[in-house]
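Residue strings, one per chain:
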Amino acid sequence: MGQALADHPVVLTTILAVLGAYSYFYQRRLSRTGLLAVLAIFACVMIALNGPLWLPLLMPIVYILTAMGIAVLLQKWFTVFPRNPLARTVGITILCLALATVSVYHLQRYFIVWPNTTATKITFDQNN
């Protein structure tokens, strides 16, 4: 149960990325959407051919899609509540808290968990 609760920031990132991809689907006539699609296909092919070595190539695409998902979420929120300052403040506060939680989660996983993993220690052992 504890592990399932720890993965909520990953779920939020995935939902925002899917929302961003949904938005880009409706903007497919733009040249940046075509370029993003070509980069995503290239990254997926490279990952399929070479394995995890090319996985960081996919991260900028995920971050771009997540940022677009955040923009769409804010746009929809401000469309529903155009003049209500309380609702606008609550929406922005909840989104900022969610993004702060996701950021702390990812930073903790990268700077604390990853260097202390046994496989990482074996790979980067200085005594080889």
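Note: the structure precedes this text.
Quick caveat, the model's predicted, so the values are computed rather than measured. (Residues numbered from 1 in each chain as written. Predicted model: local features only at pLDDT ≥ 70, side-chain atom pairs only at ≥ 80, totals over all residues. Heavy atoms only, no water.)

Q: A description of the nonpolar core should follow, citing residues and the corresponding values.
A: Grouped together as the largest cluster of nonpolar side chains are seven residues: Ala17, Tyr24, Leu36, Ala43, Ile61, Leu65 and Met68. Of all the elements in the fold, those that place two or more residues in this core are helix H2 (8-25), helix H3 (31-50) and helix H4 (59-80). With three residues, the single largest contributor to this core is H4. Excluding residues within four positions of it along the chain, Leu65 makes contact with Leu16, Ala17, Gly20, Ala21, Tyr24 and Leu36. (Core = buried A, V, L, I, M, F, W, Y, C linked by side-chain atoms within 4.5 Å. Buried < 20%, exposed > 50% of the residue type's maximum accessible area, 1.4 Å probe, protein only. Helix = DSSP H or I, 4+ residues; strand = E, 2+ residues; numbered from the N terminus. Contact = heavy atoms within 4.5 Å.)

Q: Could you give an account of the packing of H3 against H4, with specific residues and numbers?
A: Close contact between H3 and H4 brings their axes to 10 Å; oriented N to C, the two are set at 140°. What the angle tells us is that H3 and H4 run oblique. The crossing of H3 and H4 is left-handed. Here H3 contributes Leu36, Leu39, Ala40 and Ala43 to the contact with H4, which in turn contributes Ile61, Ile64 and Leu65. Of the residues belonging to the contact of H3 with H4, the class tally is seven nonpolar, no polar and no charged. (Axes fitted to C-alpha atoms, helices over the stretch in contact; angles between N-to-C directions. Parallel < 35°, antiparallel > 145°, perpendicular 65-115°, else oblique. Left-handed = near helix turned anticlockwise from the far one by under 90°. Nonpolar A, V, L, I, M, F, W, Y, C, P; charged D, E, K, R; others polar.)

Q: Requested: an account of helix H5 (residues 85-113), with residues and values cited.
A: Its 29 residues give H5 an end-to-end C-alpha distance of 40 Å, which sits within 8% of 42 Å, the value for a rise of 1.5 Å per residue. Looking only at H5, the buried set comprises Ala87, Gly91, Leu95, Val102 and Tyr105. Where H5 begins, the capping side chain belongs to Asn84, and its oxygen is found 3.2 Å from the backbone nitrogen of Leu86. (Expected span 1.5 Å × (residues − 1). Polar contact = N/O pair within 3.5 Å; in protein donor to acceptor, adjacent residues only side chain to side chain.)

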